[in-house]
Amino acid sequence: SFVDLAPTLLSLVGVKPPDYVQGHAFMGRYETPPQPFIYGYRGRMDERYDMMRTLRDQRYVYIRNYMPHLIYGQHVRYMFVTPTTHVWRELFDEGKLTPEQSHFWEKKPPEELYDLTSDPDEVHNLADSPAHQQILKRMRKAQQELAREIRDVGFLPENEIHSRSQGSSPYEVGHDAKQYPLERIMATAELATLLEPDAVPKLKEALGDDDSAVRYWAAMGLMMRGEAAVETARADLRGALSDDAPSVRIAAAWALGEHGNQQDLDKALPVLLGYASYEENGVYLSLMSLTAIDALDARAASAIDQLKALPKKVKREDHRPGYGIDPLIEKIIADLEQ
């Protein structure tokens, strides 16, 4: 192997091999010691939003799902080109899969923890295991520490990553505590997405925060908890439909539209349709609004003509971020016409 030959090859060109070459992988003189964790993340995939942060050590992998209201296998048009994806989904809809095979088509838990030694396929989630709580807390702490260290701007709605950084960059905004109060935003995101039922009063309170990203996560947290939470916070969410920030309006409209009563839907759907047009609102607000409309399913049926009239073609400079607008509109219309 190259590792075995490295000392000989170096000596042939008159270079004395460093001691660490002997018996070790030859990575060069700048090789650093192994790190305690390897980190990863998941963000938007074409037309579909997600927010996952993950890390692993030599035995365990931890996954933090900040959008647990979404399933793993969201309908991404590119993915559904493959016949196997269609068959897999059809078998799930027909109830013919095992629990392990069904996992991909179900909502995510807020946290996942897997023992890669005994469970390399990551099937048995240990996040609720009493015997693994210390490991869970250690890895959760490490994930949060990295977010603070790098000033993870993923806690901003996508449109605000760009609106807050006009004239500068997302990196500069992320490292400016006045423009990006990460601790407050991240604390609300944690509160919202761990799905603890007793968090509803604090989420209602957070709808009045000075920062729009805090208000966004508050509205999303109420939406994630479903009908009971939306009923409790109905007045607050209706008030948020006229929030100064479009992302907050969309999140509140999603909550009321999916989990509210008919009056809530009548108030929410026009807000979502108002942001659905790419030509009028740009890529990010259009995608965010269309995502919420898609979640409404049949509750959005009255808007089918307006959805069919939406522009699907994006400008050349918006092709990459706006690729998903066309397939998302097509998916919504196809579902409503079934």
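Quick notes on the rules
- Residues numbered from 1 in each chain as written.
- Predicted model: local features only at pLDDT ≥ 70, side-chain atom pairs only at ≥ 80, totals over all residues.
- Heavy atoms only, no water.
- Pairing = 2+ DSSP bridges.
- Helix = DSSP H or I, 4+ residues; strand = E, 2+ residues; numbered from the N terminus.
- Axes fitted to C-alpha atoms, helices over the stretch in contact; angles between N-to-C directions.
- Contact = heavy atoms within 4.5 Å.
- Salt bridge = Lys/Arg side-chain N within 4 Å of Asp/Glu carboxyl O.
- Buried < 20%, exposed > 50% of the residue type's maximum accessible area, 1.4 Å probe, protein only.
- pLDDT = per-residue confidence, 0-100.
- Polar contact = N/O pair within 3.5 Å; in protein donor to acceptor, adjacent residues only side chain to side chain.
- 1 Å grid on protein atoms, 1.4 Å probe; cavity = no way out; pocket = protein on both sides within 12 Å on 5 of 7 lines; lining within 4 Å.
- Points joined across faces, edges and corners; volume = space filled by probe spheres on them.
- Nonpolar A, V, L, I, M, F, W, Y, C, P; charged D, E, K, R; others polar.

## Here we look at the sheet that holds strand β1 (residues 38-42)
If you trace the four strands from one edge of the open sheet to the other, you get β1-β2-β3-β4, paired in antiparallel fashion. Strands at the two margins of the open sheet, each flanked by one partner only, are β1 and β4 (111-115). Averaged over all pairs of adjacent strands, the angle between strand axes in this sheet comes to 15°, irrespective of strand direction. Sheet topology places β1 next to strand β2 (residues 52-56); five bridges connect them, and they run antiparallel. The partner of Tyr41 across the bridge, within β2, is Arg53. Its contacts with the sheet put helix α4 (residues 133-150) on β1, β2, β3 (60-65) and β4, and the angle it makes with β3 is roughly 60°.

## Some remarks on the pattern of salt bridges
Counted according to the given criterion, the structure contains 24 salt bridges. Measuring nitrogen to oxygen at the nearest pair gives 3.0 Å for the salt bridge that ties Arg64 to Glu190. You can see Arg64 sitting in strand β3 and its partner Glu190 sitting in helix α7 (residues 182-193), a full 126 residues away along the chain. For Glu190, a relative accessible area of 10% corresponds to the buried category.

## A few points about the confidence of the model for the protein chain
In this model, the protein chain carries a mean pLDDT of 93, and residues with pLDDT of at least 70 account for 92%. In this model residues 19-23 is a low-confidence stretch, pLDDT under 50, and it forms eight contacts with partners more than four residues away in sequence or in other chains.

## Quick notes on the side chain of Arg164
Mapped onto the fold, Arg164 is located in the loop between α5 (158-163) and α6 (170-174). Classification of Arg164 by relative accessible area gives buried; the value is 16%. Only 2.9 Å separates the side chain of Arg164 from the side chain of Asp211, close enough to count as a polar contact. Apart from the residues within four sequence positions on either side, Arg164 is in contact with Leu156, Val173, Gln179, Tyr180, Pro181, Ile185, Asp211, Ser212 and Ala213.

## Things to note about the layout of surface pockets
In this structure, the largest pocket encloses a volume near 870 Å³. Around the largest pocket sit 27 residues that line it, and Arg48, Ile71, Asp294, Asp297 and Lys331 are the ones nearest its centre. Breaking the lining of the largest pocket down by element, the ones donating at least two residues are α2 (83-93), α9 (212-225), α12 (246-259), α14 (278-296) and α17 (325-337). Considering each element in turn, the lining of the largest pocket owes the most residues, four residues, to α17. For the lining of the largest pocket, the per-class residue count stands at 11 nonpolar, eight polar and eight charged. Looking at the second largest pocket, its volume works out to about 680 Å³. In terms of lining, the second largest pocket is formed by 32 residues, of which the most central are Gly43, Asp50, Met51, Arg53 and Gly154. Where the lining of the second largest pocket is concerned, the elements lending two or more residues are β1, β2, α4, α5, α9 and α14.

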